[in-house]
Amino acid sequence: MSEAPTQVAPGVHRLGNALVNCYLIEDGNRMTLVDGGLPGFRPQLVEYLRSRGSSLADIDAVILTHAHSDHTGMAEQVRTDAPATVHVHELDERMARTGKVHKRAGSMLPYFRHPAVYKLFVVAGRLGAARTPNIAELETFTEGDLDVPGRPRIIPTPGHSPGHVAFHLPDRGVLIAGDALCTYNPLTGKRGPQLMPRAFGFDIGQAQASLAALERIDAGTVLFGHGEPWTDGPAVAVQRAREFGVT
Ligand SMILES: [Zn+2]
């Protein structure tokens, strides 16, 4: 992907770079930011909003698929500057407030033979991943529809983190899977639908079980925290991920 944001579905925009994505949902002239990406994405976000005749002030809410630092990056600044409310599943709230990450399902060591790891650390480092601000104020959710622009439906998909969720936008035909699935593995560099690697996850068995919640969703476009959009539907993506196995 080039570093230019693009509209990937009606009123749904992809921001970020080749390694990390976040998304903007437009609803009339109000907006929701889905995940905060990396802190260094902020100039891109501000410029993209300006190019479309809007501004940070049009963002009402930031909703998090989970509270890992490559998904919270801009959230605190958008919260205070827009200003906006930040929403996260109750099981990821503490991580969002403190930056303290749960235990990991695997060690980083096996991945260092892949060049992708070094690329990730360089790019994430340059974009401020290690300096992600904690989020001082949050609203928590567990299930149902979120009363924010785009009215996303919460799909609990724990495993990558304890409180990981996907967001379904039925009227746009979009499923934002977060890191419940990816089409680019940031540690191995492998492409295609798959689970995120163990070393970034909380409980792989739980993540595998959560795929069942995604495969029955009706969505023409599936979007991920890492990798290109998928347009063959969640069921096929989940089937491929199961065939791919765990990395
Ligand atoms: Zn991620």
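Here the structure is shown first, and the text comes after it.
Below is a short write-up of the structure. Source: prediction; values computed, not measured.

## Overview of the environment of I204
Counting through the fold element by element, I204 comes out in helix α6 (residues 204-215). For the pair I204 and G106, spaced 98 residues apart in the sequence, the C-alpha separation amounts to 9.2 Å. Excluding residues that lie within four positions of it along the chain, I204 makes contacts with A105, M196, R198 and V246.

## Overview of the side chain of N21
With respect to the helices and strands, the residue N21 is situated in strand β3 (residues 21-27). The exposure class assigned to N21 is buried, which follows from its relative accessible area of 0%. Reaching out from N21, the side chain makes a polar contact with the side chain of R14 at a distance of 2.9 Å. Among the polar contacts listed, one links the side chain of N21 to the backbone oxygen of G227, at a separation of 2.9 Å.

## So, the packing of aromatic side chains
Applying the stated criterion across every chain, the model contains 2 aromatic pairs. Ring geometry for F112 and Y118: centres 6.0 Å apart, planes at 55 degrees, overall tilted. Among the residues examined, Y118 registers a relative accessible area of 44% and is labelled partly exposed. Considering the side-chain rings of F141 and F167, the 6.1 Å spacing of their centres and the 70 degrees angle between planes classify their relative orientation as edge-to-face. Taken together, the positions of F141 in strand β7 (residues 139-141) and F167 in strand β10 (residues 165-169) put the pair 26 residues apart, joining distant regions of the chain. F167 matches F141 in its accessibility class, with the two residues each being buried. The aromatic ring of F202 is capped on one face by K103, whose charged end is 4.9 Å from the ring centroid.

About the thresholds
- Each chain carries its own residue numbering, running from 1 in the direction its sequence is written.
- Whole-chain, interface and lining totals are the exception, using all residues; otherwise, since this is a predicted model, local features are given only for residues with pLDDT of at least 70 and side-chain atom pairs are given and counted only at 80 or more.
- Water and hydrogen atoms were dropped before computing side-chain values, which therefore reflect all heavy atoms in the structure.
- Numbering goes from the N terminus for both helices and strands, where a helix is a DSSP run of H or I of at least four residues and a strand is a run of E of at least two.
- When checking whether two residues touch, look at their non-hydrogen atoms; a contact exists if any pair is within 4.5 Å.
- For every residue, the accessible area (1.4 Å probe, protein chains only) is compared with the maximum for its type, and the residue is labelled buried under 20%, exposed over 50%, or partly exposed between those bounds.
- Any N or O atom pair separated by 3.5 Å or less is treated as a polar contact, with the protein-specific requirement of one donor-capable and one acceptor-capable atom, and with residues adjacent in sequence counted only for side-chain atom pairs.
- Any pair of Phe, Tyr and Trp rings, taking the six-membered ring for Trp, is counted once the centres come within 6.5 Å. Such a pair is stacked with planes under 30 degrees apart, edge-to-face with planes over 60 apart, and tilted for the rest.
- Distance and angle both matter: a charge sits over a ring if NZ of Lys or CZ of Arg is within 6 Å of the ring centre and within 35 degrees of the ring normal.

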